[in-house]
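Here is how the chains run, residue by residue.
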Amino acid sequence: MIDFKKYEEEAVILNPLKNFEIDAQKVEVRIDPLTGFVSFVRSGRKFWSFIYNTDYDLIDRIVSETRERCVFCSEKVHNSTPKFLENIVPEGRLKRNKAILFPNLFPHKAHSAIIVLSEKHYLRLDEFSPDILFDAFMLADDYLRRIYEKYGVEYAEIGANYLYPSGSSIVHPHIQVMLSKFPYTLIKIYDEKSKMYFDEKGINYFETLAEIEKKINERFVGELGHVRYLCPFAPIKEDEINGIVTGKSNFLEFNEDDWRSISVGISRILKAYHQRGLSAFNFAIYSGPLGKRLPYFSCGFKIVSRSGVQRYPVSDTWFANGLLFEGLVVEAPEDVAQFVKPFFSDINTIYP
């Protein structure tokens, strides 16, 4: 019911790294089964592996240099961050344990909030515990329900950029929550394409994908509650893991168990990234239109690694994926799945 199309190309050169011998390098071209987006999987991870190395001495220096002026640290966050209007959050900000939510000083959408995750100015990737993430997601849930009730906006996203290779301008761990009348382009495409699939076949594409991937067991990583974790057939960026929240088409259908399942999964994935020597990441959690039960749509998330924090940074974004919307990775998703899967081996017996 789902067609995983891939093709193979070959580039042949006289390689100076091999004494100018003939070197034939394989490149796989993969087509995303739902969107039709093209992704290129090339060999050469060993050669490019230096961009994934982390200079922890440099991180220590960056943390030290940015700590004093950080407005998200506990001694400044209450005096240096915005407050909500009283008709949205009468107390000005929302709090849950160590997490705190407040308006984004420079909003990306009509309704934009920041959630500071921890009092610690810096967390290694293996320090993003399920509890830290869960508290943040519960604040996000509270905020988006308030905004939906007040303004009726339909589209909401929760996302994270961590450290400067990911696009973050602040070291302190935080995530963003955004709501608008308008969806991001990929969500619009997901909505349109999955409805076409449902109209033609009478089944939910995302749930069907999760079932097929679990059966194939090449890219499937694990499952917890309603959430299925897998590596996408045609990834957008390195080490990409996707989550599919079965039976839930928008955030208003989530309960605490759903947020806990996502928290545990993301925490496990970040532990795997940390073991690989990584230090930066992005994730996005997306929803269908709030307040609408769509049988053809499933909520989900995407998480990717970014190049490591180094003295001489190398960006992993270039013209093809930055401007032409092409996916490019140097490690096949099947290999990524095999690396991450052990971090989920006990997920049904240890919670969290």
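Residues numbered from 1 in each chain as written. Predicted model: local features only at pLDDT ≥ 70, side-chain atom pairs only at ≥ 80, totals over all residues. Heavy atoms only, no water.

Chemist: Any chance you could explain the packing of aromatic side chains here in plain terms?
Modeler: Here the distance between the centres and the angle between the planes together describe a pair of aromatic rings. Across all of its chains, the model carries 23 aromatic pairs by this definition. Between Y205 and F206 the ring centres are 5.6 Å apart and the planes differ by 80°, which places this aromatic pair in the edge-to-face class. Both residues of the pair, Y205 and F206, belong to the buried class. Ring plane angle 80° and centroid distance 5.4 Å describe the contact between F251 and F254, whose orientation is recorded as edge-to-face. Relative accessible area serves as the criterion here: at 0%, F251 is assigned to the buried category. (Phe/Tyr/Trp six-rings, centres within 6.5 Å; stacked < 30°, edge-to-face > 60°. Buried < 20%, exposed > 50% of the residue type's maximum accessible area, 1.4 Å probe, protein only.)

Chemist: Explain helix α6 (residues 205–216) to me, please; I cannot follow it from the model alone.
Modeler: Owing to its 3.6 residues per turn, the α-helix brings residues three or four apart onto one side. The end-to-end C-alpha distance of α6, which contains twelve residues, comes to 16 Å, matching closely the 16 Å that a straight helix rising 1.5 Å per residue would cover. Here α6 has its buried residues at Y205, F206, T208, L209, A210 and E213. Its buried side turned inward, α6 meets α5 (185–201), β9 (220–224), β10 (227–230) and β11 (241–245). Its side-chain oxygen 2.9 Å from the backbone nitrogen of F206, N204 forms the N-cap of α6. Two residues or fewer past α6, N217 is found with a positive phi of approximately 60°. (Helix = DSSP H or I, 4+ residues; strand = E, 2+ residues; numbered from the N terminus. Expected span 1.5 Å × (residues − 1). Contact = heavy atoms within 4.5 Å. Polar contact = N/O pair within 3.5 Å; in protein donor to acceptor, adjacent residues only side chain to side chain.)

Chemist: Explain the sheet that holds strand β7 (residues 155–162) to me, please; I cannot follow it from the model alone.
Modeler: Paired through their backbone hydrogen bonds, the strands of a sheet run either parallel or antiparallel. If you walk across this open sheet you meet the ten strands as β4-β5-β6-β8-β7-β12-β13-β11-β10-β9, and the pairing is antiparallel. Among the strands making up the open sheet, the edge pair consists of β4 (94–96) and β9. In this sheet, adjacent strand axes meet at a mean angle of 15° when their direction is disregarded. Pairing geometry for β10 and β11, over four bridges, is antiparallel. Counterpart to L230 in the pairing with β11 is N242. (Pairing = 2+ DSSP bridges. Axes fitted to C-alpha atoms, helices over the stretch in contact; angles between N-to-C directions.)

Chemist: Which parts of the structure should I look at to understand the sheet that holds strand β1 (residues 5–15)?
Modeler: Read across the open sheet, the four strands follow the order β1-β2-β3-β14; overall the sheet is mixed. The strands lining the two open edges of the sheet, one partner per strand, are β1 and β14 (327–329). The average undirected angle you get between the axes of adjacent strands in this sheet is 20°. In this structure, β1 lies alongside strand β2 (residues 21–31), joined through eleven bridges in antiparallel fashion. The residue bridging A11 from the neighbouring strand is Q25, located in β2.

Chemist: I keep staring at the packing of helix α4 (residues 130–151) against helix α7 (residues 256–275) and nothing clicks. Help me out?
Modeler: The description of two packed helices rests on the angle between their axes and on the distance between the axes. Contact pair α4 / α7: the axes reach a minimum separation of 8 Å and the direction vectors enclose 140°. Viewed along their axes, α4 and α7 adopt a mutual orientation that is oblique. Remark: the crossing between α4 and α7 carries right-handed chirality. On α7, the residues that touch P130, D131, L133, F134, F137, M138 and D141 of α4 are E256, W259, R260, I262, S263, V264, I266 and S267. (Parallel < 35°, antiparallel > 145°, perpendicular 65-115°, else oblique. Left-handed = near helix turned anticlockwise from the far one by under 90°.)

Chemist: Even after reading the chapter, I still don't get α5, so can you show me in this structure?
Modeler: Compared with the 24 Å implied by 1.5 Å per residue over 17 residues, the 24 Å span of α5 between its first and last C-alpha is a close match. Packing partners of the buried residues in α5 comprise α6, β12 (280–286) and β13 (299–306). Where α5 ends, the next residue or the one after it, G202, has phi of about 75°, a positive value.

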